[in-house]
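Spelled out, the chains give:
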Amino acid sequence: MTELPLVSSRPAPAALSVPSKAFTYRFFLSACFLVLMLFSLTFRHSGVGIFILGLMNFIFCADVFARAAGKDLLSGRLSLAVLVTVCAGAGFLYSALNTFLTVKLFGPVPDLYLYTVMLITFALWAARRLAREKEKARVFVKKLDDFLPKSGRLCVGRQFRKVFANELKKGDLIFVKTGERLPADGIIKQGKTSIDEQLITGNMLPTSKTAGSRVYAGTLNKSDAVYIEVTEVLASSALMSVVDAIKKGEIHRSGFKSALDGFAAWLLPVLLLAAGGAYAYMLYKHGTAQWFHYLGMFLFVLALCCPAALVFTAVFPSFFARSGARARKIKIQNMYALDEIVHADTVFFDKTGTLTYGELRVSGVYPAPKVQEKLLLETVASAEQLVDGPFADAVNRCAKERKIKPKRVLCFDVLPGLGVQATCGGDKILAGRTQWLEEQGIKTSAKIATAAEAVICVAKNGKFLGYLTLSDELRPGAKETVAFLKSKGKDVILVSGDNEASVAAVAREAGIEKMNFNVLPKTKAEIVANLRALGKRVVMVGDGFNDIIALLRADGGIVFASGRNVYNNWVDVIVKRRDLYPVSYLFTINKKLRRVVGLNVFLAVLLNGALAAWLVWRMPEAAGWHLAVGGSLAVVLLVFLNSMRMLNVK
């Protein structure tokens, strides 16, 4: 299939292509200039000296904005870099002309040096933060090599030769022992075992494999040694398709968007119109003879009406929203993905570990007639107490919860794909599949055929004692979350590597009508990519290694933290809770976040404009630099206080 482009066709603002280190160095240097200038103004040092500090700040710190602004203007884009360059340049020019001209320009403040340096310093801090977020959007997976098999045993005649996994070729016969990972995709030629395929399919239950069964590289051989014929080498295996997607995934799912660039795109024309209108009014009122003198009005309004608080209007709310969500065990790593999640057309859910807990639990205990429930549980717990696997874990957990103490087992044997036979005292216990017990001449219950869940049948000394049903429970809030998403017009689809019966049972219980089963990681990604190619916005909700490519291809990704997590900083949202309610909570956060940010922008622009108007209205009374700077910092404080509302989102 044709690869779906992962980046926006429109180039990102030029400042976002600058490394965050470049902004970091300039930010600290600009902060030093800010302190020096504050010191100079406080002790009324030479105006030329203050001019030199402002000039050095503009040359050595604001240069990155000037270069980015030039590139953005050439590409027809208005961005934060353009806004800062124009407004800071206007403030510096206004101040410089007042420093060296014998007749001052029209304006209530002698100079805006300190305000200009403060604006540049704040903008550098915001740009540094944005650049770091963009860099963090690159894919990073811890210990990726741990998932790759290193070697395999190549059969040469009647001998085995250990070779590197990438040296195997199609048609080679390999020998895989118990506890080893398969070095290549293939087909079992001889032997019988159970394979843990959770890495590829997400299925937490080991799958029984016999001669002719297909197996995958990277999966774990659980039960017995087998001979496998290689059908796909490691480089083209299902596992490597996931690894390759990660290594090539340094481009993000979608173009990185900055709210500050969006605000700047409309604010700059507004400021130019306001400054131009004020200048035109002065010329109309006093005539054009002193046009140069009244140019100060244009420069002053353009500089001061650009609020220094603007860079915090989205940063502060995002910070407090993250903090509030973190208190609820939700880690929001990409605030810009919230819009994608809220406005998505389709939401894909993985099954095991996402809609469900990802661990089997005993859901029902059904003793045979005249058999006590306690005896049934005691017998199966005795047989399974030393066995390693999800069935045994579920049985042992159930026995512990019900305070049933298993008897000492003398010996036991695990039969791959069938069950466990154990000797306990003088009793012989069988616990496993229905067909296996019936093959041993033990008649089971007819009700088992109607069970939609996994079943463990139990017999002791040839007598059927009953059976247990095991299921992977839905997370709390699963049904409510699915219903909520449907009420928002979302198309909800369950996609899983599990078998049809298992997926259908969970989909039916959760209220999902559409589903895909037996889906490998690459196929999950193709489904997501195909929908995006049709113009749909897609969100993927998963939890494991087999969801990685789909999460990369989706517009937004939500994961539930588990032992299968292999991602770190590229996932949009990580949920560290056992319920599914956080999915709907993200909608609430986004709604309030938009309101708070919008109010912040409104307050910043309105109050800075009011500050500039008040200073002009006070003329000809002279105003000091502290009024311009202090008033702007008061607006920053107001934006900060308003943003704190995001700490408590209900």
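Residues numbered from 1 in each chain as written. Predicted model: local features only at pLDDT ≥ 70, side-chain atom pairs only at ≥ 80, totals over all residues. Heavy atoms only, no water.

Concerning the packing of helix α10 (residues 315–327) against helix α21 (residues 625–643)
With their axes 8 Å apart at the nearest point, α10 and α21 run at an angle of 30° to one another. Between α10 and α21, the crossing angle belongs to the class labelled roughly parallel. Pair α10 / α21 crosses with right-handed handedness. Seen from α10, the contacting residues are Phe-316, Pro-317 and Phe-320; seen from α21, they are Val-636, Val-639, Phe-640 and Ser-643. The class makeup of the residues in the contact of α10 with α21 is six nonpolar, one polar and no charged. (Axes fitted to C-alpha atoms, helices over the stretch in contact; angles between N-to-C directions. Helix = DSSP H or I, 4+ residues; strand = E, 2+ residues; numbered from the N terminus. Parallel < 35°, antiparallel > 145°, perpendicular 65-115°, else oblique. Left-handed = near helix turned anticlockwise from the far one by under 90°. Contact = heavy atoms within 4.5 Å. Nonpolar A, V, L, I, M, F, W, Y, C, P; charged D, E, K, R; others polar.)

Description of the pairing of strand β9 (residues 226–232)
Pairing of strand β3 (residues 173–176) with β9 involves four bridges; the strand directions are antiparallel. Bridged to Ile-174 within β9 is Ile-228. (Pairing = 2+ DSSP bridges.)

Focus on the nonpolar core
With 129 residues, the main nonpolar core has Phe-23, Phe-65, Leu-83, Phe-300, Phe-349, Leu-355 and Ile-589 as its most contacted residues. The element that contributes the greatest number of residues to this core is helix α5 (residues 113–136), accounting for 14 residues. With sequence-adjacent residues up to four places away left out, Phe-65 is seen in contact with Phe-23, Ala-81, Val-84, Thr-85, Ile-120, Ala-123, Leu-124 and Ala-127. Val-371, Ala-394, Trp-436 and Val-458 belong to the second-largest nonpolar core, a separate cluster that totals 30 residues. (Core = buried A, V, L, I, M, F, W, Y, C linked by side-chain atoms within 4.5 Å. Buried < 20%, exposed > 50% of the residue type's maximum accessible area, 1.4 Å probe, protein only.)

Description of the packing of aromatic side chains
Going through the model one piece at a time under the given rule, you end up with 22 aromatic pairs. Arranged with centres 4.7 Å apart and planes meeting at 45°, the rings of Phe-39 and Phe-43 form a pair that is tilted. By relative accessible area, which is 46% here, Phe-39 ends up partly exposed. With 4.7 Å between their ring centres and 5° between their planes, Phe-160 and Phe-175 make a pair best called stacked. Taken together, the residues Phe-160 in strand β2 (residues 159–164) and Phe-175 in strand β3 connect sequence positions 15 residues apart. Phe-175 sits in the buried class, given a relative accessible area of 13%. Chaining the aromatic ring pairs together yields one cluster made of Phe-122, Trp-125, Phe-312, Phe-316, Phe-319, Phe-320 and Phe-640. Here the basic side chain of Arg-618 rests over the ring of Trp-614, its NZ or CZ set 4.9 Å away from the ring centre. (Phe/Tyr/Trp six-rings, centres within 6.5 Å; stacked < 30°, edge-to-face > 60°. Lys NZ or Arg CZ within 6 Å of the ring centre and 35° of its normal.)

Points about the pattern of salt bridges
Under the counting rule described, the total for this entry stands at 17 salt bridges. Residues Asp-491 and Lys-514 are paired through a salt bridge, measuring 3.0 Å at the closest nitrogen-oxygen approach. Residue Asp-491 is located in strand β18 (residues 491–495), and its partner Lys-514 is located in strand β19 (residues 514–516); the two are separated by 23 residues in the primary sequence. The exposure class assigned to Lys-514 is partly exposed, which follows from its relative accessible area of 43%. (Salt bridge = Lys/Arg side-chain N within 4 Å of Asp/Glu carboxyl O.)

Here's the deal with the pairing of strand β16 (residues 454–460)
For β16, the tally of buried residues reaches six of seven residues, placing the bulk of the element in the interior. Note: strand β15 (residues 427–432) against β16, four bridges, orientation antiparallel. Bridged to Leu-430 within β16 is Ala-459. Alignment of β16 against strand β17 (residues 463–474), held across seven bridges, turns out to be antiparallel. From the neighbouring strand, Val-458 faces β17, where its bridge partner is Gly-466. From the end of β16 to the start of β17, which pair antiparallel, there are two residues, and Asn-461 there has a positive phi angle of about 55°.

Points about the environment of Ala-525
In this fold, Ala-525 is placed in helix α18 (residues 521–533). A relative accessible area of 6% means that Ala-525 is categorised as buried. On a C-alpha basis, the gap between Ala-525 and Phe-560 in space is 18 Å, while along the polypeptide they are 35 residues apart. Other than its neighbours up to four places away in sequence, Ala-525 contacts Ile-549, Ala-550 and Arg-553.

Quick word on the environment of Phe-160
You can call Phe-160 partly exposed: its relative accessible area is 42%. Those residues within four positions of Phe-160 in sequence are excluded, and the remaining contacts are Arg-153, Leu-154, Cys-155, Phe-175 and Tyr-227.

What about the side chain of Arg-475?
Relative to the assigned elements, Arg-475 resides in the loop between β17 and α16 (478–487). Despite its burial, Arg-475 pairs with no opposite charge, the nearest such side chain being Asp-543 at 5.8 Å. Among the polar contacts listed, one links the side chain of Arg-475 to the backbone oxygen of Gly-353, at a separation of 2.8 Å. Among the polar contacts made by the side chain of Arg-475, one reaches the main-chain carbonyl oxygen of Arg-577 at a distance of 3.3 Å. With residues up to four places along the chain from it excluded, the contact list for Arg-475 reads Gly-353, Thr-354, Leu-355, Thr-356, Tyr-357, Phe-560, Arg-577, Arg-578, Asp-579 and Leu-580. (Lys, Arg positive; Asp, Glu negative; His and termini not counted. Polar contact = N/O pair within 3.5 Å; in protein donor to acceptor, adjacent residues only side chain to side chain.)

The values reported here are purely geometric and, on their own, carry no functional implication.
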